[in-house]
Amino acid sequence: MSTRERLLKFVKEAQPYLAVILLQFGYAGSAIIAKSALNHGMSHFTFAVYRNAFATLVFAPFAIVLERKIRPNMTVSIFLKIMLLGLLEPVIDQNLYYTGLRYTTATFATAMCNVLPALTFMLAWILRLEKVNVRRLSSQAKIVGTTVTFGGAMIMTLIGGPTIGLPWTRHLLSTTTATSTSLTELQPIKGALFIAAGCICWACFYNLQAITLKTYPAALSLTCLICSAGAVQGTALTLVAERGNTSIWSIHFDTKLLSYVYSGMVTSGVGYYVSGLIMKDKGPVFVTAFNPLNMVIVAILGSFILSEQLNLGRVLGGAIIVIGLYLIIWGKSKDQKLSKYSSTDDVEVEPVGKETSTTKSLNQTKAGDEAV
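Residues numbered from 1 in each chain as written. Predicted model: local features only at pLDDT ≥ 70, side-chain atom pairs only at ≥ 80, totals over all residues. Heavy atoms only, no water.

Labelled according to an unreviewed UniProt entry, the protein appears under the name WAT1-related protein At2g39510-like isoform X1, originating from Nicotiana tabacum.

See the structure below:
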């Protein structure tokens, strides 16, 4: 194999990993911008509506043109799945998550989302999208990792501890935080409950998306349909929850508009589409496996931009979550190797020296020709 072929093979194998890593950077930027907008009075109801509406408007033309030949016909089953997908993540999850973000910090919210891979794994196990054999070490690692991940989330929620002063935030320890959300307004337990409930809906969304892509493989069209369904259902929810409050619909050139556009294009549009492409080959658990990177990025950016501070409980809980998460990843990688070996063993190989049916027929034909 030449150097060029090896390089091409490496790039092809590295594409899913690079894609999910870049997604985490996009999600981190969304969390920071959204937290800043929430601090300035943004409604999480209209945020969920506008971001999905922007995503639909931007990506729909590309879906119409690029996938016109591969887009399957719409059926009742596919339509109901799309409506449920639009309800689970664009409406329920986003409103629960950003409600929890209002009560906590961006770093805490993204760290809590590290339970998502464990939840996704459990649901994939129940739906038989993930193979589990409790007698195998790899499956035991995934089960233990799920339990450890939940334990880390509980530590983050219930244990505080002393504040850890980063080099660029030590001067803030004796001063008031620069954001409009004061420390007395933060309610980590309440926020954690909202975020955890949102993660359950998010895990359901990923598994249902993987199932839907099997019958509707046009990933970009599916992304646009999910965003449009979420925008419509989110509008109905907002009109009920914020009835009489028309000011929340106003759009100005400020942080709120930036959060609508950025989250719509990156988190909803690109996020749904790239996740769909990856889970076709790697499955829904792989897509969620790199969430700890999001936590690290947000912790660094949040300390710079939002002047957020870390305490010992959050760092300890986050570290435990990462350990549990990579037990799941290790178990999944072992399962993939076992499945590859088993598929190789299934190929029948004729023993050396044994006469095959093809050889036998050729010998019979040759013998007949000699007799003639």
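We are not done yet, so read on.
With respect to the helices and strands, Cys224 occurs in helix α8 (residues 219-241). Residues Cys224 and Pro61, 163 residues apart in the sequence, show an inter-C-alpha distance of 9.5 Å. Setting aside residues up to four positions removed in sequence, Cys224 forms contacts with Thr56, Phe59, Ala60 and Ala63. (Helix = DSSP H or I, 4+ residues; strand = E, 2+ residues; numbered from the N terminus. Contact = heavy atoms within 4.5 Å.)

Now for the nonpolar core. Among the nonpolar cores identified, the biggest contains 63 residues, and Tyr97, Tyr98, Leu101, Ile195, Phe205, Tyr206 and Leu222 are the most heavily contacted of them. The element best represented in this core is helix α7 (residues 188-215), accounting for eleven residues. Apart from residues no more than four positions distant in its own chain, Leu222 is found in contact with Ile82, Leu85, Gln209, Thr212, Leu213 and Tyr216. Counting five residues, the second largest nonpolar core, distinct from the first, contains Ala118, Phe121, Ala124 and Val285. (Core = buried A, V, L, I, M, F, W, Y, C linked by side-chain atoms within 4.5 Å. Buried < 20%, exposed > 50% of the residue type's maximum accessible area, 1.4 Å probe, protein only.)

It is worth spelling out the packing of helix α5 (residues 116-126) against α7 at this point. Across the interface, α5 lies against α7 with an axial gap of 9 Å and an inter-helix angle of 50 degrees. Overall, the two elements α5 and α7 adopt an arrangement that is oblique. Our pair here, α5 against α7, has a crossing hand that is right-handed. Two secondary-structure elements touch here, α5 through Leu116, Leu119, Thr120, Leu123 and Ala124 and α7 through Cys199, Ile200, Trp202, Ala203, Cys204, Tyr206 and Asn207. When the residues that make up the contact of α5 with α7 are grouped by side-chain class, the tally is ten nonpolar, two polar and no charged. (Axes fitted to C-alpha atoms, helices over the stretch in contact; angles between N-to-C directions. Parallel < 35°, antiparallel > 145°, perpendicular 65-115°, else oblique. Left-handed = near helix turned anticlockwise from the far one by under 90°. Nonpolar A, V, L, I, M, F, W, Y, C, P; charged D, E, K, R; others polar.)

Attention now moves to helix α9 (residues 255-282). At Ser263, α9 is deflected by roughly 35 degrees, the largest bend along its length. Between the side-chain oxygen of the N-cap and the backbone nitrogen of Lys256 there are 3.2 Å, and the N-cap of α9 in question is Asp254. (Bend = angle between axes of the 7 residues up to and from the residue. Polar contact = N/O pair within 3.5 Å; in protein donor to acceptor, adjacent residues only side chain to side chain.)

A few words on the packing of aromatic side chains. Scanning all chains against the criterion turns up twelve aromatic pairs. Ring geometry for Phe47 and Tyr98: centres 4.7 Å apart, planes at 85 degrees, overall edge-to-face. Highlighted residues: Phe47 in helix α2 (residues 44-66) and Tyr98 in helix α3 (residues 76-103), separated in sequence by 51 residues. Taking the relative accessible area as the measure of exposure, Phe47 reaches 0% and is therefore buried. (Phe/Tyr/Trp six-rings, centres within 6.5 Å; stacked < 30°, edge-to-face > 60°.)

Right, let's talk about the environment of Asn311 for a bit. The topology assignment puts Asn311 in strand β2 (residues 310-311). Along the primary structure Asn311 and Thr163 are separated by 148 residues, whereas in three dimensions their C-alpha atoms are 4.1 Å apart.

Let us look at a nonpolar patch on the surface. On the surface, a nonpolar cluster with roughly 520 Å² of combined accessible area is contributed by Met154, Leu158, Ile159, Ile189 and Leu193. By secondary structure assignment, the location of Ile159 is in the loop between α6 (137-158) and β1 (163-164). Since its relative accessible area comes to 46%, Ile159 is described here as partly exposed. (Patch = residues over 30% accessible without salt bridge, like charges linked within 9 Å, V, L, I, M, F, W, Y side chains within 5 Å. Areas by Shrake-Rupley, 256 points an atom, 1.4 Å probe, with all protein chains shown as cover. Salt bridge = Lys/Arg side-chain N within 4 Å of Asp/Glu carboxyl O.)

Contact pair α3 / α7: the axes reach a minimum separation of 8 Å and the direction vectors enclose 160 degrees. In terms of orientation, α3 lies roughly antiparallel with respect to α7. Classified by chirality, the crossing of α7 by α3 is left-handed. When its residues are assigned to classes, the contact of α3 with α7 shows 20 nonpolar, seven polar and four charged.

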